[in-house]
Amino acid sequence: MNQSVPRSTWTSHWAFILVTIGSAVGLGNIWKFSYLAGANGGSAFVLVYLCFVALIGLPLLMAEILIGRRGRGNPVSAMLKTAEESGNSPWWALLGWVGALGALAILSFYSVVAGWIADYLCQAVMGVQVDTPEKAAQGFSNLKDNPLRTGFWHTVFMVLTVWVVARGVVRGIETANKIMMPLLFLILLLLAVWGAKVGNMPMAMHFMFDFKAEALTPGVVLAAMGHAFFSLSLGMGAIMAYGSYLDRETSIGSTSLWVVAANVVIGLLSGMAIFSLTFGYGLSPSSGPGLILQALPLAFSHMPFGQIFSVLFFLFVLFAAWTSSISLMEPFVSWLTERCGMRRARAAWGTCVPVWLLGLAVCLSSSSVAGFKVFGYDLLDGLDQLTNRIMMPLSGLAIAVYVGWMLGRPIVADEAGLKGRAFSLWFNVLRYIVPIGITLVFLGLLIGLDKSIA
Ligand code: PFF
């Protein structure tokens, strides 16, 4: 371990809250949330998702921050150090590896989807209009079928990501979040107000919040739980890495509450804006992964000030994706700098190369010209399923078991900083509810109960 470089610390606990919200709020909350809710009965999905965020997401988020801060290192060394301190096997460090490598696998396809968003932003700036559903669908498949175009935007997005990570924890990651997150929130408020004015907000609210028991199938429950993981960036080392730069005085409980609340509010607000426009312009919410890329441009083409709002919307999604992608790269980059003594910039560019190549393969695989499949999946779908279905739940389960059962109550109580009942409540939920809940989902996913997910 290279001890000569002093470890960075976020400049304040608000900075930590902001960067963690930045990691959590991303394509998951906007692109995935809207099409999953659209395809899984709206309110049934939304309400179950909210329950899982509170019952599993929040306790796990706290556990991940706790490991990172206690171990004060990249996910691999944080696991190693805390295992050593608590007298557990060094094999627990494997969990850090699963996180750091899983995060890179996510980044490879995440960057491709973010590239699609960048392409749409460019079209919005140039004033490209799509006035019929056929044109909207054609526009999306033209993009996906052109690996040169998707590869180009994927490259641009990877460069943007590396550029921020290479600048360092405070100068790069914290500064980028401090600029982008307030802008993102401002744009979202504008979009929600405009969406309510020109769209159909009552119908959007009805779709998202009127509970319909009959829509509650096992598939919807599983989709909602998987999404709680993805949207809170859990199990992939990102939160652990960010937690390792947190000072000891900050309360893990209250910062986590802020992060979860902001993540939920931003997700719901963007869902409301998206569905209000979708319904307002007579479009279907269940059109799958193309929802925001097909339905929304159509709505923008027909609404007053449509071009301005489409530029704002795609900028909003791009900011959200960018602040998340830097957190996907950080776990591995911090391992390279701390374990191998590499300079940060070199570590970031070095990490970028294999991820970029895998992303190019994703672009080829998604196109119909050069399309190929791996085990019957196109690469984007395959990597998404592998990380979402297998790596995230398994890693979340292991983290709950590790903090709940292996670290030992004195270490956990000392680091968590929660008092009395609040501590007992969190600790018991982490010990019992989280592992049981995740095991049930995992089994459900394995036996294919989630067939209703789009
Ligand atoms: N939470 C991000 C989103 O909702 O888009 C995705 C993500 C980021 C997942 C970081 C995992 C992670 F470690």
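Keep in mind the model is a prediction, meaning the values are calculated, not measured.

K.L.:
Can you break down the overall build of the chain residue by residue, with the values?
P.N.:
If you tally the helices and strands in the chain, you get 18 helices and two strands. For 454 residues, the compact-globule estimate of 2.2 N^0.38 gives 22 Å, and the C-alpha radius of gyration of the chain, at 21 Å, lies within 12% of that figure. With the C-alpha coordinates of the chain rotated into their principal frame, the extents come out at 65 × 50 × 45 Å. The contacts of the chain with a sequence gap of at least 6 include a subset with a gap of at least 24, amounting to 82%. Split by element, the accessible area of the chain, about 17200 Å² in all, is 70% carbon and sulfur. The centroid of the 26 positive side-chain charges in the chain is displaced by 6 Å from the centroid of its 20 negative side-chain charges.

K.L.:
Run through the packing of helix α2 (residues 27-39) against helix α10 (residues 218-231), naming residues and quoting values.
P.N.:
Where α2 contacts α10, the axes come no closer than 11 Å and their chain directions differ by 170°. The angle between α2 and α10 falls in the class roughly antiparallel. The segment α2 lies against α10, with G28, N29, K32, F33 and L36 engaging H227, F230 and S231. Taken together, the residues that form the contact of α2 with α10 break down as three nonpolar, four polar and one charged.

K.L.:
I'd like a description of the packing of aromatic side chains, backed by residues and values.
P.N.:
All chains considered together, the criterion is met by 27 aromatic pairs. When the ring of F45 is compared with that of Y49, the centres are 6.3 Å apart and the planes differ by 0°; the resulting orientation is stacked. Taken together, the residues span about one helical turn, with F45 and Y49 both in helix α3 (residues 43-71) at a distance of four residues. The buried category is assigned to F45, whose relative accessible area is 0%. Considering the side-chain rings of F207 and F279, the 5.4 Å spacing of their centres and the 70° angle between planes classify their relative orientation as edge-to-face. Note that F207 is positioned in helix α9 (residues 201-209) and F279 in helix α12 (residues 252-280), a separation of 72 residues in sequence. Owing to a relative accessible area of 14%, F207 belongs among the buried residues under this scheme. In this structure F279 comes out as buried when scored by relative accessible area, which is 14%.

K.L.:
Describe the site of the ligand, and please don't skip the residues or the numbers.
P.N.:
Around the ligand, the structure places 16 residues, and the nearest of them are A24, G28, Y110, F230 and S233. At a separation of 2.9 Å, a nitrogen atom of the ligand approaches a polar backbone atom of A24. Contact between the ligand and S233: a nitrogen atom at 3.0 Å from a side-chain N or O atom of the residue. Look at the ligand: alone it shows 340 Å² of surface, and the protein chains cover 100% of it. Sorting the residues of the shell around the ligand by element identifies α1 (13-24), α2, α10 and α14 (306-339) as the ones contributing at least two each.

K.L.:
Can you lay out α2 for me, pointing to particular residues and giving the numbers?
P.N.:
Compared with an ideal rise of 1.5 Å per residue, which puts 13 residues at 18 Å, α2 spans 17 Å between its outermost C-alpha atoms and is within 8% of the ideal. Those residues of α2 not exposed but buried are L27, G28, N29, I30, W31, K32, F33, S34, Y35, L36, A37 and G38. Trailing α2 by a residue or two, G41 shows a phi angle of about 80°, which is positive.

K.L.:
Please provide a residue-by-residue account of helix α7 (residues 147-166), values included.
P.N.:
Given 3.6 residues to a turn, an α-helix orients residues that are three or four positions apart in the same direction. With 20 residues, α7 should cover 28 Å at 1.5 Å per step; its first-to-last C-alpha distance of 27 Å lies within 8% of that length. Along α7, the residues that are buried comprise T150, G151, W153, H154, F157, M158, T161, V162, V164 and V165. Contacts from the buried residues of α7 go to α5 (93-125), α6 (133-144), α8 (169-198), α14 and α15 (344-366). Residue G168 follows α7 closely and has a positive phi angle near 110°.

K.L.:
Help me get a handle on the nonpolar core, residues and values and all.
P.N.:
One finds W10, L60, F313, V403 and W426 to be the most contacted residues of the largest nonpolar core, which totals 165 residues. With 19 residues, the single largest contributor to this core is α5. Beyond its immediate chain neighbours, meaning those up to four positions away, W10 contacts A15, F16, V19, V169, I173, E174, Y242, Y245 and L246.

K.L.:
Mind laying out the pattern of salt bridges, listing which residues take part and the relevant values?
P.N.:
Where charged atoms from two side chains of opposite charge approach closely, those side chains can pair. A complete count under the given rule lists 12 salt bridges for this structure. A salt bridge links E415 to R69; the shortest N-O distance between them is 2.7 Å. Separated by 346 residues along the polypeptide, E415 in helix α17 (residues 409-416) and R69 in helix α3 bring together distant segments of the chain. Residue classification places R69 among the buried residues on the basis of a relative accessible area of 4%. For E174, the salt bridge goes to K178, with nearest N and O atoms at 2.7 Å. With E174 and K178 both in helix α8 and four residues apart, the pair spans about one turn of that helix. Because the salt bridges share partners, they merge into one network encompassing R69, R70, E85, R248, D414 and E415.

Conventions used here
- Residues numbered from 1 in each chain as written.
- Predicted model: local features only at pLDDT ≥ 70, side-chain atom pairs only at ≥ 80, totals over all residues.
- Heavy atoms only, no water.
- Helix = DSSP H or I, 4+ residues; strand = E, 2+ residues; numbered from the N terminus.
- Rg over C-alpha atoms; globule rule 2.2 N^0.38 Å.
- Contact = heavy atoms within 4.5 Å.
- Areas by Shrake-Rupley, 256 points an atom, 1.4 Å probe, with all protein chains shown as cover.
- Lys, Arg positive; Asp, Glu negative; His and termini not counted.
- Charge placed at Lys NZ, Arg CZ, Asp CG, Glu CD.
- Axes fitted to C-alpha atoms, helices over the stretch in contact; angles between N-to-C directions.
- Parallel < 35°, antiparallel > 145°, perpendicular 65-115°, else oblique.
- Nonpolar A, V, L, I, M, F, W, Y, C, P; charged D, E, K, R; others polar.
- Phe/Tyr/Trp six-rings, centres within 6.5 Å; stacked < 30°, edge-to-face > 60°.
- Buried < 20%, exposed > 50% of the residue type's maximum accessible area, 1.4 Å probe, protein only.
- Near = heavy atom within 4 Å.
- Polar contact = N/O pair within 3.5 Å; in protein donor to acceptor, adjacent residues only side chain to side chain.
- Expected span 1.5 Å × (residues − 1).
- Core = buried A, V, L, I, M, F, W, Y, C linked by side-chain atoms within 4.5 Å.
- Salt bridge = Lys/Arg side-chain N within 4 Å of Asp/Glu carboxyl O.

Read these as geometric descriptors, not functional statements.
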